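Descriptive structure summary
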Amino acid sequence: MRSLAGTGRLLALGLRRSRIMLVVWVYALVAYAASTAYGFKTLYDTPASLRDFVAGINGNGAAVAMYGRIHVAGSIGGITAWRMAATGGLLVGVMSVLLVIRHTRGDEEAGRLELVGAGVVGRRAPLTAGLLVGVVANVALAVVTALALIIIGLPAAGAFATGLAWTIPGLCFTAVAGVAAQVAETAQAARTIALAAVGVAYLLRAVGDAGRVAWLPWVTPIGWAEQVRAFGAERWWVVALGPVAALVLGVAAYALVERRDLGAGLLAARTGPAGATPYLGGPLGLAWRLQRGALLAWLAGFAVYGAAVGGILKGIGDLVKDSSSMRDILARMGGRQDLEDSYAAAMMGIIGMIAAAYAVQVVLRMRAEETAQRLEPLLAAPVRRVRWSIGHLLFAVAGPVLLLAVAGLTAGLADGLRVHDLGGQVPRLLGAALVQAPAAWVAAAIAMLLFGAAPRLAPAAWGVLGVFLLLGQLGPVLRLSQVVMDLSPFTHVPKLPGGEASATPLLALAAVTAAITAAGLTGLRRRDIG
Amino acid sequence: MTDAISVSGLVKTFGRTRALDGLDLTVRPGEVHGFLGPNGSGKSTTIRILLGLLRADAGTARLLGGDPWRDVTTLHRRLAYVPGDVVLWPNLTGGEVIDLLGRLRGGHDPDRKAELLERFELDPKKKGRAYSKGNRQKVALVAAFASDVELLILDEPTSGLDPLMEEVFQRCVEEERERGRTVLLSSHILSEVEALCDRVSIIRRGRTVESGTLAELRHLTRTSITAELASPPDGLTTLPGVHDPDVQGTRVRLEVDTDRLDEVLRHLTRAGVRSLTSTPPTLEQLFLRHYEDEAPAGMTR
């Protein structure tokens, strides 16, 4: 097989280049599975509470659409596998797509493939190596997940079935990404195509599960993951569907490789306007062009997430009423109102964290512009650094407000329609979402301070956000002391809806934001660029 | 009239590396000034200080009579810059980038833009990610030449251009000179510098080792001489300024410091000259003289 010459070396290179990304993905997904299993184990420790939980979920259309239907009802393992199949399958699909595109079309577009392609590398080797990176990631993920679940005390067969169920969407979308990398001429376009396939698979499954269309989940790899029925009577043959479908798609990808030139794709890159519109005349116009695509995608995501949260709100009390520890945790996260309100407040806290992630990403975009040397030509024009920075900072300030408003609105609409109180629930949940904005700003301001004063450390802003997330999610479970909890800006956000609304902490957070941002801008003005 | 660029004793360190070590550079108004040096010698660092992107650790830098670190916006209105490695925004077209950079400097003439696009044979409708290295450089060149400024700072602007486009570039620089504009051309393509520059500064390891007109600099280097004589020469090899002499009977090959040429020719004529070839020093030789102990692999003619 001369066309595969060099595959081993390329695979080793790919695994080395992505080692951090691989470890982070596997770690995050294993932690998701393990913490879910552990949480369920502590929350539903009696058969009665477990039964109520299952009945509550399967009776709630929005929850079924989001997570799928619970098929294996009688055990902690069963509901863990249920929770992992659809949402986890979605994430595993995203991981596979990002990895494979990075090592196929991404390398090709950047010209790195040309560099290695001139060496002893067969025609099919780069694609094979890229696909193998995805396969390695999925196999490692399946094994580590299974081991983690066994350590928590779940039966070994079910644990392996849960891990292997993830390889179904994992391998399928590895192959889908392999095809997309041949079809599109740019990594961006290839990612869009493959991620759209992941999204469609998740949605078809959601429609099938919620609408009780029995055959629909069988059409998509994420649906297959649900059909493994881990911890019940495991259907091992379903696990084989993943590699089989991946093989079929893989053959298509190889056929495309044979028919195209290096650098070319089936879909040629689109051309654009020969001149700029009047809006693209300064730093703000440029920031809008660079940030708008991501903002629109995030807005869509927040709209869906808000609707999902709002949709499962009614009746959430029945799900947790028999679990005293769950009630306790919700009260600590969301305040001591009635259960539905404290659940909504806890969910809004999570949405606020996600909005903060958006804001941090907006700020770090500036660092990316700097290291890519796209900042230099702008600053060589009559553009002051602070003016350039403010163009992006506007998105970090207005973006979270907009995102939270959309999520609050869709949550209010979804819940209001179900409880027949639109006029009441829309403003309540809208307000509950919007109070998160100042906390998200603080995270963005910290990112700005790092970017301005210690640019090499700018990615540490993600670490800071991670600490806030841990404090917010684990703090209530671990009963951390209030002094530690107060370190996170999200601790200071009023627990709405239902809790006491107060403007003082919000104004304080806004003032902290302004002070930290000003320090960051001063650092940016004084330091070397590049 | 004040100098367009006047730099003296410039020092810049990055951690332990001393990128600039007392660099001097003077560019007079209206001249095309070649800024020569191998990779890593400090050309780009100097330019970044002149653009106010980096702050110098010591020394002075004046640009168009102002302070490059403090007077950023007023100075940048009067200059255009082409980086050595042009990176474009992946989702903006070349035409959009040219318009954006032009508008940041207060707008440019659309006719001039169209003319330059045609001369450089650049398709402005492609997205940034679809351009080759040479075409990305053309985008930056068109943006710079289309703007109405006093000073052009070009940092290795032609490293990705083919010979035809190199030709177009040289003509554009000539036109800029005729319009009275000042150009700082950092390069290691010596033929380009020889063809375009009024004066050159050669830098090495963050210091200026040579500065002046090409004629002045040539004077400092060696001329190669090959001669067929009537009788074997006498005492030629021991003359001051003679290098690598190779005398085989009446055939002589040698290199001589150009300011010692007189003495050598007098010696040759005394022996009777039958044929004589003399080659003046090229810029390449000039250049290599300063870098004999460094790898000359980066130099191209």
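Parameters at a glance
Residues numbered from 1 in each chain as written. Chains lettered and ligands numbered in written order. Predicted model: local features only at pLDDT ≥ 70, side-chain atom pairs only at ≥ 80, totals over all residues. Helix = DSSP H or I, 4+ residues; strand = E, 2+ residues; numbered from the N terminus. Rg over C-alpha atoms; globule rule 2.2 N^0.38 Å. Buried ≥ 20, exposed ≤ 12 C-beta atoms within 10 Å, placed from the backbone. Contact = placed C-beta atoms within 7 Å. Domains from an automatic or database assignment. Nonpolar A, V, L, I, M, F, W, Y, C, P; charged D, E, K, R; others polar. Axes fitted to C-alpha atoms, helices over the stretch in contact; angles between N-to-C directions. Parallel < 35°, antiparallel > 145°, perpendicular 65-115°, else oblique. Left-handed = near helix turned anticlockwise from the far one by under 90°. Core = buried A, V, L, I, M, F, W, Y, C linked by C-beta atoms within 7 Å. Pairing = 2+ DSSP bridges. Expected span 1.5 Å × (residues − 1). Arc of directions from axis to C-beta.

**Observations concerning the overall build of chain A**
From N to C terminus, chain A includes 23 helices and zero strands. Against the compact-globule benchmark of 24 Å for 530 residues, chain A has a radius of gyration of 24 Å, which places it among compact chains. Principal-axis analysis of the C-alpha atoms gives chain A an extent of 65 × 65 × 40 Å. Counting across all 530 residues of chain A, residues that qualify as buried make up 51%. Pairs at least 24 apart in sequence give 76% of the contacts found in chain A among residues at least 6 apart.

**What about the domain arrangement of chain A?**
Taken as a whole, chain A is organised into domain 1 (2–258) and domain 2 (283–526). For domain 1 of chain A versus domain 2 of chain A, the distance between C-alpha centres works out to 28 Å.

**Some remarks on the interface of chain A and chain B**
With 30 residues of chain A at the interface, the matching set in chain B holds 32 residues. Elements with a contribution of two residues or more to the side of chain A that touches chain B: helix H13 (283–313) and helix H17 (375–379) of chain A. Its residues assigned to classes, the side of chain A that touches chain B comprises 15 nonpolar, nine polar and six charged.

**A few points about the packing of helix H2 (residues 19–43) of chain A against helix H8 (residues 125–152) of chain A**
Residues and elements named next belong to chain A. Packing of H2 against H8 brings their axes to within 9 Å, and their N-to-C directions diverge by 30°. Overall, the two elements H2 and H8 adopt an arrangement that is roughly parallel. Considering the relative orientation of H2 and H8, their crossing is right-handed. Note on element contacts: H8 touches H2 through Ala137, Ala140, Leu141, Val144, Thr145, Ala148, Leu149 and Ile152, opposite Leu22, Trp25, Val26, Leu29, Val30, Ala33, Ala34, Ala37, Tyr38 and Lys41. Split by residue class, the contact of H2 with H8 holds 16 nonpolar, one polar and one charged.

**Quick look at the packing of helix H16 (residues 339–371) of chain A against helix H19 (residues 422–434) of chain A**
Residues and elements named next belong to chain A. In contact at an axis separation of 9 Å, H16 and H19 are set at 45° when each is read in the N-to-C sense. Considering their axes alone, H16 and H19 lie oblique with respect to each other. Between H16 and H19 lies a crossing of right-handed hand. Within the contact between the two elements, H16 uses Ala344, Ala345, Met348 and Ile351 and H19 uses Leu429, Ala432 and Ala433.

**Topic: the nonpolar core**
All names here are of chain A. Core analysis: the biggest nonpolar cluster contains 244 residues, and Ala359, Ala444 and Ala447 have the highest contact counts within it. Residue contributions to this core peak at 18 residues, all from H16. If we ignore the near neighbours within four places in the chain, the residues touching Ala359 are Ala396, Gly399, Pro400, Ala440, Trp441, Ala443 and Ala444.

**Regarding the sheet that holds strand E4 (residues 58–63) of chain B**
All names here are of chain B. Read across the open sheet, the three strands follow the order E2-E1-E4; overall the sheet is antiparallel. Two strands lie at the open edges of the sheet, namely strand E2 (17–27) and E4, each paired on one side alone. Direction aside, neighbouring strands of the sheet carry axes that sit 25° apart on average. In terms of strand pairing, strand E1 (residues 5–14) meets E2 through eight bridges, oriented antiparallel. Paired with Lys12 across the strands is Leu20, a residue of E2. Relative to the sheet, helix H1 (residues 43–50) contacts E1, E2 and E4, its axis offset from that of E1 by approximately 110°.

**A look at the pairing of strand E13 (residues 273–279) of chain B**
Residue and element names in this part refer to chain B. By the criterion of burial, E13 is predominantly exposed, with just zero of the seven residues buried. Relative to E13, strand E10 (residues 222–229) runs antiparallel, the two sharing six bridges. Bridged to Ser224 within E13 is Thr279.

**Quick word on the sheet that holds strand E9 (residues 207–213) of chain B**
Residue and element names in this part refer to chain B. With mixed pairing, six strands are arranged side by side in an open sheet as E5-E6-E7-E3-E8-E9. Bordering the open sheet on either side are strand E5 (79–82) and E9, each of which pairs with just one other strand. Mean inter-strand twist for the sheet, computed between neighbouring axes without regard to direction, equals 15°. Most of the contacts of helix H5 (residues 133–146) go to E5, to which it runs at about 170°, and overall it touches E5 and strand E6 (151–155). In this fold helix H10 (residues 283–290) packs onto strand E3 (32–36), strand E8 (199–204) and E9, with an angle of close to 30° to the strand it touches most, E8.

**Description of the environment of B:Arg253**
Residue and element names in this part refer to chain B. Along the chain, Arg253 falls in strand E12 (residues 251–257). Overall, Arg253 belongs to the partly exposed group, with 14 C-beta atoms counted inside 10 Å. Distance in space between the C-alpha atoms of Arg253 and His243 is 9.7 Å, their sequence separation being ten residues.

**Describing helix H12 (residues 236–258) of chain A**
Residues and elements named next belong to chain A. Helix length check: H12 (23 residues) gives 35 Å between terminal C-alpha atoms against 33 Å at 1.5 Å per residue, within 8%. Taken residue by residue, H12 has Val238, Val239, Gly242, Ala246, Gly250 and Ala253 as its buried positions. The inward-facing, buried residues of H12 abut H8, helix H9 (156–183) and helix H11 (221–227).

**Some remarks on the domain arrangement of chain B**
According to the domain assignment, chain B consists of domain 1 (5–217) and domain 2 (222–280). Taking the mean C-alpha position of each, domain 1 of chain B and domain 2 of chain B sit 43 Å from one another.

**Considerations on helix H1 (residues 7–17) of chain A**
Residues and elements named next belong to chain A. Those residues of H1 not exposed but buried are Thr7, Leu10, Leu11 and Gly14. The arc that holds the buried residues of H1, viewed along the axis, is 100°, so those residues lie on one side. Residues of H1 that are exposed and point over 90 degrees away from its buried face: Ala12 and Arg16.

**Regarding unusual backbone geometry**
Residues and elements named next belong to chain A. Cis rather than trans, the peptide bond between Leu496 and Pro497 has omega equal to 0°. Within the fold, Pro497 resides in the loop between helix H22 (482–485) and helix H23 (504–526). One non-glycine residue with positive phi stands out, namely Arg229, at about 55°. Positionally, Arg229 belongs in the loop between H11 and H12. Even without being glycine, Gln373 reaches a positive phi, approximately 65°. Structurally, Gln373 can be placed in the loop between H16 and H17.

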